[in-house]
Amino acid sequence: MKTLWRNIIESLGIISRNRRAFFGLLGVVFFILMATAGPLIIPLNMTADYVDRFQPPSLSHILGTDYAGRDIFQQLVHGSTDIMLIAFSTALFGILLAVIIGILAGLSGGRVDMLIMRVIDVFLTVPAFPVMAIFAALFRIRDPVTFGLVLAIWSWPGLARAIRSQILSLRKREFIEAAEIMGMSTSHIMFKELMPNIIPYITINFINIARGAITASVGIMLLGLVPLSVTNWGMMLNLATFQTGAIYVPSALSYLLSPMIAIILFQYSLICFGGGIDEMFDPRLRVQS
Amino acid sequence: MKLMFHPLVKKLAISVVTIFVALTFTFILVRQMPGDIVHTWAMNIMQQQGVTYNEAREMAKAMLNYDPNVPIAVQYFKYMKGLLSGNLGTSLTYRIPVSVIIVQALPWTVFVCTLSLIISFVIGVLLGTTIAWKRKTILEPVVTLYASITQAVPDFLIALLLLVFFGVSLRWFPLRGAYSADTVPGFNIPFMLDVLYHAALPVLAYTLQYIGSWALAMKASATSVLGEDYIAVAEARGLKQKRIIVRYLAGNAILPLVTSLAIAFGTIVGGSMLVETVFGYPGIGYFFGQAIATRDYSLIQGLFLLTTVVMILANLTADIIYSKIDPRIKLE
Amino acid sequence: MCLRKPPVKKFTSVIFVFQLLLLSVLPLFIFLLTLPALCTGCHRAAPEAGTFFTAGGWDIPPAYHGNPWAPGGVGVAGGYVYEPLFIYVPLTGEYISRLGASFTESPDHKTLTVKLRKDASWQDGRPFTSKDVMTTFNIGFIASLEIWNNLESIETPGDYDVVFKWKSVSPVNTTMALTERITSPYHIFKKWADNIPDIIRETRIEKQAALEQRGGSLGKISPEKLKEIKKKRLAKEREVREILYKYHPQMPVGTGPFQVTRVTATDMTLEKFKSYWAADSVYIQKIRILRWTSNEVIWSFLMAGEVDAVTPATPYDVAQQIIKKNPGTKMIRSSDLSEFGYIFNCTRPPMSDVNFRRALAHLLDRDMIRKVAYYYSEPVTDYTTGIIKSYRGRWLSPAFLKRLTRYDFDPKKAGEILLNAGYRRDAKGFWLRPDGSKIELEIIAPAGKTDFVLSAEAGSSLMSGFGIRTQVRVIPEELFNTILTERKYDMASWYGPEFVRFAHPLTSYQRFYDKFGFIAAATGFDGKVKGPSGEVIDSRKLVGELGATVDPAKQKEIVEKLAWVTNEYLPFLSIFEKNLMIFVLDKKHVTGWPDASDPLWTTSPSGVEMTYSTIIMKGLLRPARAEEKP
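The rules behind each value
- Residues numbered from 1 in each chain as written.
- Chains lettered and ligands numbered in written order.
- Predicted model: local features only at pLDDT ≥ 70, side-chain atom pairs only at ≥ 80, totals over all residues.
- Helix = DSSP H or I, 4+ residues; strand = E, 2+ residues; numbered from the N terminus.
- Buried ≥ 20, exposed ≤ 12 C-beta atoms within 10 Å, placed from the backbone.
- Contact = placed C-beta atoms within 7 Å.
- Pairing = 2+ DSSP bridges.
- Axes fitted to C-alpha atoms, helices over the stretch in contact; angles between N-to-C directions.
- Parallel < 35°, antiparallel > 145°, perpendicular 65-115°, else oblique.
- Nonpolar A, V, L, I, M, F, W, Y, C, P; charged D, E, K, R; others polar.
- Left-handed = near helix turned anticlockwise from the far one by under 90°.
- Domains from an automatic or database assignment.

Undergrad: Could you clarify how one ought to interpret the overall build of chain C in this entry?
TA: Across its full length, chain C carries 21 helices and 25 strands. Projected onto the principal axes, the alpha-carbon positions of chain C cover approximately 110 × 80 × 50 Å. Burial statistics for chain C: of 630 residues in total, 48% are counted as buried.

And the structure:
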């Protein structure tokens, strides 16, 4: 237990020494807080007030108001839960799939391995966004977790391939061979050896899959392919661009820009944070920078 | 001879299998979409033309060339047979062959994608070479920051921003479409200028997105080339800097990037749905978005096939180029 | 890294760029430029002065064809290529002459005689005669034209005389006959037209026999024989219809002021028909129609001043921006002769409870929903009568309206109604049904139709705020009708009362209570209810009676009863009377648009293209001269 804590503190130390990574960490923590505690602190009032529509940012509405005079900041906070859940569940399901399939391919070898590799090839060559959009239209998406599941179907192959090759290279190591000769249970050793090796991949991929999920889900919502939920960031963009004509109204600029900037900031935080994690696992990078 | 072609043949075979699997997959996928399409059409025909439901259903089946009572395997066989003779089916919403839509839409997408890739490639390569050669320049952190920011901004958000600022606010560029109403399509200067004018924002959206990654890739590639002996030799021989940069440094460093160019082309065509929808640009992506929104089965299938084939061709091209330009790497 | 880089004196990037450009970019660039040119086709003449730019929909070639009867035919061009006998102006009740010169009704309203214009001709050069009118209506028989419910026969005593004989009188017969577009010249549609009189005759025999049998008397024909005749007739009808649908001429042939000359996926070109009977007063030489894909694309055309007249539903602020950026733009508002609101599924609890519907009528702030969804429309915040608001004065007296329940915005009252009906709130403030079950509702709206989606959204947030959990579901447009008629929904954001074409309550109440009425099918409410004084009101029967009388007093009496049922039982809740927003741009390409107050604009609900074409035909619209340009 003690070592675990020390590890975590050490990692945080590494990240905080790198300014960019620290910014990323702060950003990620901020958005997580926004998604979890935010809706509890900031109430959502969706009562329309037409006179106050398309207000620029002011003291009473710090990000202005939407086409029906409702506070954009409140919507942004309440919509962040959806985005976070989509990103998190996509990453979780994606990683789960990748680990299972990657280990299966790596350990079983032979025909199973070959078949899985061919399947991965297909997944990697077929353009992802159209598939995700078709999936979104196909499954009736009612909640963000289902959305995440749907997006996860197309986000595991890269990681699965990496895990498989890790296992393959591990198998060639001497101590495994020795264990095999001695008749010890190889899978136990492999698992113990494997985990530390693939954890960096999993962490980095968690962030990358989450980022991909955010982009894809916002894109799908911008196209209007999933049910309406006004506070959703992607849906806010859809409403601003295609439904309410906000892009033509100068005072409504905030309605368009707020969800955009939120998405960009979240993405950027994840990129910076991911960079930090990369360095943490790969000391050579640390030395170079 | 046989040995030389063998890897390529294998690659080709895998590509064909991939296309086939992707095709089967979408065929099944599209048929799982909710809502009985024949029923929907029958109801519409019934309301419009005042015929009985059964009649309307027969008409709908004929119009859709699709009968839900026929087992999916039979339908699949029929579809594949049609495909072999170049028949991609008829679009349900546009009521014309899918191939006609593709032929009309593809040139616009290819036009915009190629143009933006070339521009971003040229600028990216220039930036990358400069950074690698000069090492300590202010360009370095600027480009790195720019690259990581554009990485965070999806291309359709760039597109939206461009639309709002340059289209709506400043009115420098047209908002939608591929050309304006009062030009005459054909080989004439005004039309071509108009087409360029309308393509400017979509091209800019992709270009802004891609410059950063080209610059970083070029920087990495050029830095490793700088470590090679022949650069040192060239310097030792007292060759002009310009010659070293162009002939030795850029020339060699560009090669690995060319393969990425092919892959980027495939990605951009497959992912053009959002940018083209934002600009109302009548390319492949625009029709793809429309087709999914209106559940136009045959059009979805046709466009999906197209994007997959483009992607696979791009990958294949990348592989071939790679093995050609770098003799050390053979097609595996 | 042992290698040392020499210090760089001047970086020769400019030359480098030039080399790269020359080597790769320029040739490719030129090649790419020719690509779109290759795919959009051949040379055409540039649009000269006198071109009118607008937008509309049609099927993309090669699906496009010129058969007005077959699916996918003609498209938006219909309003310019074809003409009816007369144009009906709802506001004034006036008929503007197009192909008809004059008409007379017999005193018993059983016949309508029309004298045709003698100087009209078809765009292929053949003269226009009474036979073409008959052909159009006859083909209309197998296309289920509504007029045949009342029409006995159509006769042509002379080349320029047409007589309509009615089997039953109706308040809308005359308008129905006069405003039908004459689309089918005999010399082209002969093949089908010649078969149809037989089918009409056989249908009549059948119906007569069926009536006799239902009356109990065994007529001349046995039931078996009747069945056989019917089967044969249906087969024949189907056969004619099938070949009719397969007939796909390249372009439509009409008698109107313009001919279609070119159709592509993005635009359509029409040119003036030189031998048009009013060619002298048609100053517009060409019409260029851009393909209508979605409202927001049309807004950007308007912002750029690319179209001269177009009618997108537009939010207040966008309309203001359009007018600000193009000072020559005028926005004309003309009633669409329809009301817009929520359809209730009266077969699904809790919507099946009239108290619940009434509570919603008080709870929903309809004026606010109107502003959010469709600012430029007329608010309807009191009654839902089935009579659109702008025609209320003609049909319902203030004294009568006082007897109806008024549904003013009053959330407190809504709560009282619910409590009295046994509904209650749970601990979190959400409403429960009398049996204690949760209420979770969905409002559906057709995808892509901004106004319906926004109104559904505004309604759902109001209801959720009140403790009735409500979500919005956007349905692909082509699925929408089916979901409604199969009643797989709770509430739907859609049209209710409609006065289009005849400006008469009959259309509206047929929608609400007729056996084939759309709202009737969607709500499951047949209107058979107890009246104000306990008597049984059979709305379906009343609609039948309304359609069979020309007596104004009797019509008014029936309308009052139907208005009462509609308002008290609320199968539909009106939110606003829809206006068409016609944006016209003056002095850019064309000039001379009529004033916003001109009654001509009230013809727009039955097809704004026909309104434009009438304005052009009357010689009002002219090419803008260069010095006039803004």
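What follows picks up the thread again.
Undergrad: How should I be thinking about the overall build of chain A in this particular structure?
TA: Within chain A one finds 13 helices and zero strands. Counting from the amino terminus, helix and strand elements in chain A follow one another as α-α-α-α-α-α-α-α-α-α-α-α-α. Among the 289 residues that make up chain A, the fraction classed as buried is 50%. Contacts spanning at least 24 positions in sequence make up 68% of the contacts within chain A whose residues lie at least 6 apart.

Undergrad: Please explain the interface of chain C and chain A as it appears in this structure.
TA: Where interface size is quoted, it is often the accessible area lost as the parts come together. In this assembly, 22 residues from chain C lie in contact with 17 residues from chain A. For the side of chain C that touches chain A, the secondary structure elements donating two or more residues are α8 (295–303), α9 (316–325), α11 (366–373), α15 (450–465) and β19 (469–475) of chain C. At seven residues, the largest contribution of residues to the side of chain C that touches chain A is made by α15(C).

Undergrad: I tried to follow the sheet that holds strand β7 (residues 151–158) of chain C on my own but got confused; where do I start?
TA: Sheets are built from strands that pair by backbone hydrogen bonding, the pairs being arranged parallel or antiparallel. Residue and element names in this part refer to chain C. An order of β5-β6-β8-β7 is seen for the four strands of this open sheet, with the pairing classed as antiparallel. Where the open sheet ends on each side, the last strands, each with one partner, are β5 (100–105) and β7. Sheet twist, expressed as the mean angle between neighbouring strand axes with direction ignored, is 20°. Sheet strands touched by helix α3 (residues 130–142): β6 (111–116), β7 and β8 (161–166). Its angle to β7, the strand with the most contacts, is close to 165°.

Undergrad: Before we go on, may I ask you to explain the environment of Gly79(C) in this structure?
TA: Residue and element names in this part refer to chain C. Along the chain, Gly79 turns up in helix α2 (residues 78–81). On the neighbour-count criterion, Gly79 (22 C-beta atoms within 10 Å) is buried. Sequence separation between Gly79 and Ile199 is 120 residues, and the spatial gap between their C-alpha atoms is 30 Å. With sequence-adjacent residues up to four places away left out, Gly79 is seen in contact with Gly607, Glu609, Met610 and Ser613.

Undergrad: Could you clarify how one ought to interpret the packing of α8(C) against α9(C) in this entry?
TA: For any two helices packed against each other, one specifies the inter-axial angle together with the distance between the axes. Residue and element names in this part refer to chain C. Their axes nearest at 9 Å, the elements α8 and α9 cross at an angle of 25°. As summarised for this structure, α8 and α9 are arranged roughly parallel, according to the angle between their axes. In contact with Trp299, Leu302 and Met303 of α8, α9 contributes Val318, Gln321, Ile322 and Lys325. For the contact of α8 with α9, the class distribution of residues is five nonpolar, one polar and one charged.

Undergrad: Please clarify how unusual backbone geometry should be interpreted in this entry.
TA: It is generally the case that most residues other than glycine have a negative phi and that most peptide bonds are trans. Omega for the peptide link from Pro349(C) to Pro350(C) comes to 0°, which places this bond in the cis form. Relative to the helices and strands, Pro350(C) is located in the loop between β14 (329–344) and α10 (354–363).

Undergrad: Teacher, can you tell me more about the packing of helix α5 (residues 98–134) of chain B against helix α6 (residues 139–152) of chain B here?
TA: Residue and element names in this part refer to chain B. Here α5 crosses α6 at 135°, and the two axes come no closer than 10 Å. Looking at the two axes, α5 sits oblique to α6. Crossing geometry of α5 relative to α6 is assigned as left-handed. Counted together, Leu127, Thr130 and Ile131 of α5 and Leu139, Glu140 and Val143 of α6 form the full contact between these two elements. Of the residues belonging to the contact of α5 with α6, the class tally is four nonpolar, one polar and one charged.

Undergrad: Before we go on, may I ask you to explain helix α16 (residues 477–485) of chain C in this structure?
TA: Helical geometry note: an α-helix holds 3.6 residues per turn, so side chains three or four residues apart project in the same direction. Of all nine residues making up α16(C), seven are buried, and the element is well covered by its neighbours. Phi turns positive one or two residues past the end of α16(C), at Arg487(C), with a value near 55°.

Undergrad: What's the story with the domain arrangement of chain C in this structure? I'm lost.
TA: Residues and elements named next belong to chain C. Considered domain by domain, chain C is made up of domain 1 (51–56 + 256–328 + 586–628), domain 2 (83–246) and domain 3 (336–578). Taking only C-alpha atoms, the centre of domain 1 and the centre of domain 2 are 33 Å apart. Taken together, the residues of the side of domain 1 that touches domain 2 break down into five nonpolar, six polar and no charged.

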